[in-house]
Amino acid sequence: MQSRNLNVDNQYLQASTPLARAVKYLLQPLLMIAVLAFWLADPGNPAAFPLAIVSVQIVLGLLERAVPARPGWLIRGRQMLLHVLLVLLLSVATVMVAGLYDELLADPLSRLRANLGLDVWPHHWPLLAQMFMVFFLSEFIWYWFHRAEHRWAIVWRLSGHGAHHSFKRLGALNFGLNHPLEMFVLVLPAALVELTFGVGIAVAGAAILGTTQASIAHANLDLNPRGIGWLFTTNTYHIHHHSAVLEESNTNYGCSAIIWDRVFGTFADSRTAEAGTGPTEPSLWEKFLMPLREPADTAIAPGERG
Ligand SMILES: [Zn+2]
């Protein structure tokens, strides 16, 4: 199967209808509050994560169809079905990788905690405060992992991160369209925080907030980045990271929290003309093989530029 020149229509529509304006200013804060309230109602419920994320995806998916920012980015029919199946499959892989890290890292990291006197986690703090600590600490680690993926060709290849960037049309589902190899990177930050500090149940809330945020960050909607965008990633910022232009792609590494980009000087606030790794979108098979072979027209892979 060959790369497809999709001739993607990247035209951006500003919110102009009452629904689109309500979505622009209210959707992100309301979704964040809703998933956290849902989690706090029963913090130990293992069904909270899948229920919250499926609900978030349904809300975002319906709104993308009603008031898309870029109508040319909407996908339908068999391709939509394929993406849903891939995200479900990759979500199972994520759970398995998390279990593997638990198996491999729990003992050594709890010994490290004891030896280095890292038994400092404030378990007596309100659960919400603990949750935000896990969220921002995990995002700090992810920021540097992600920056390394874009800095060094070997890390880019081994993580398969190019596959996530190769989509020319983005939507909320793209949060989960990652190379299977990247699951090992995506799950690691929260696992390190959880197992190093012996956090407990607050990790579940951080996972729900982080995945909700990653879903919103890819959404094909006109969302307001002001105010909320001081701490949290908005889709304006993250879609800029998905730009097909190298200098634009090397910004905004925080997929859920943007604060670390502001602290470490990689923040950019600008509209994005075109997404992807280059002018064409690789086929599914070519995406899968990206750790071995970079598409010929890539413009954003580290070390591949001429
Ligand atoms: Zn990236």
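Preceding this section is the structure that the text describes.
Just so you know, these numbers come straight off a predicted model, no measurement behind them. (Residues numbered from 1 in each chain as written. Predicted model: local features only at pLDDT ≥ 70, side-chain atom pairs only at ≥ 80, totals over all residues.)

(A) Region of interest: the overall build of the chain. The helix and strand inventory of the chain stands at 13 helices and zero strands. Reading the secondary structure of the chain in the N-to-C direction produces α-α-α-α-α-α-α-α-α-α-α-α-α. By the compact-globule yardstick of 19 Å for 306 residues, the chain fits well, its C-alpha radius of gyration being 19 Å. With the C-alpha coordinates of the chain rotated into their principal frame, the extents come out at 55 × 45 × 35 Å. (Helix = DSSP H or I, 4+ residues; strand = E, 2+ residues; numbered from the N terminus. Rg over C-alpha atoms; globule rule 2.2 N^0.38 Å.)

(B) Main features of helix 8 (residues 188-197). Within helix 8, seven of the 10 residues are buried, leaving the element largely enclosed by the surrounding structure. Structurally, helix 8 contributes buried residues whose contacts are with helix 3 (77-116), helix 4 (127-151) and helix 9 (202-217). Count one or two residues on from helix 8 and you reach Gly198, which has phi positive near 60 degrees. (Buried ≥ 20, exposed ≤ 12 C-beta atoms within 10 Å, placed from the backbone. Contact = placed C-beta atoms within 7 Å.)

(C) Representation of the packing of helix 3 against helix 8 in the model. Taken N-terminus to C-terminus, the directions of helix 3 and helix 8 make an angle of 40 degrees; their axes are 8 Å apart at the nearest point. Comparing the axis directions of helix 3 and helix 8 gives the class oblique. The two elements helix 3 and helix 8 cross, and the hand of that crossing is right-handed. Between helix 3 and helix 8, the residues in contact are Ala98, Tyr101, Leu105, Ala106, Leu109, Ser110, Leu112 and Arg113 and Leu188, Ala191, Leu195, Thr196 and Phe197, respectively. Considered class by class, the residues forming the contact of helix 3 with helix 8 number 10 nonpolar, two polar and one charged. (Axes fitted to C-alpha atoms, helices over the stretch in contact; angles between N-to-C directions. Parallel < 35°, antiparallel > 145°, perpendicular 65-115°, else oblique. Left-handed = near helix turned anticlockwise from the far one by under 90°. Nonpolar A, V, L, I, M, F, W, Y, C, P; charged D, E, K, R; others polar.)

(D) Up close: helix 3. The terminal C-alpha atoms of helix 3 lie 54 Å apart, and with 40 residues this matches the ideal 58 Å at 1.5 Å per residue to within 8%. Along helix 3, the sharpest kink reaches roughly 45 degrees, centred on Leu105 and followed within four residues by the proline Pro108. A positive backbone phi angle near 65 degrees is found at Gly117, which sits one or two residues after helix 3. (Expected span 1.5 Å × (residues − 1). Bend = angle between axes of the 7 residues up to and from the residue.)

(E) Fine view of the nonpolar core. By size, the foremost hydrophobic cluster in this structure holds 50 residues, and its most contacted members are Val35, Ala52, Val134, Ala190, Val203, Ala206 and Ile208. When contributions to this core are tallied by element, the ones reaching two or more residues are helix 1 (18-41), helix 2 (48-66), helix 4, helix 7 (183-186), helix 8 and helix 9. A total of 10 residues in this core trace back to one element, the largest contributor, which is helix 9. The contact partners of Ala190, leaving out residues within four places of it in the chain, are Val134, Ser138, Val203, Ala206 and Ala207. Within the second largest apolar cluster, nine residues are counted, among which are Trp73, Trp156, Phe167 and Ile239. (Core = buried A, V, L, I, M, F, W, Y, C linked by C-beta atoms within 7 Å.)

(F) Inspection of unusual backbone geometry at higher detail. In this structure, Asn252 is a non-glycine residue whose phi angle is positive, near 50 degrees. If you trace the backbone, Asn252 turns up in the loop between helix 11 (246-249) and helix 12 (259-264). Residue Asn252 is classed as buried on the basis of its 28 C-beta neighbours within 10 Å.

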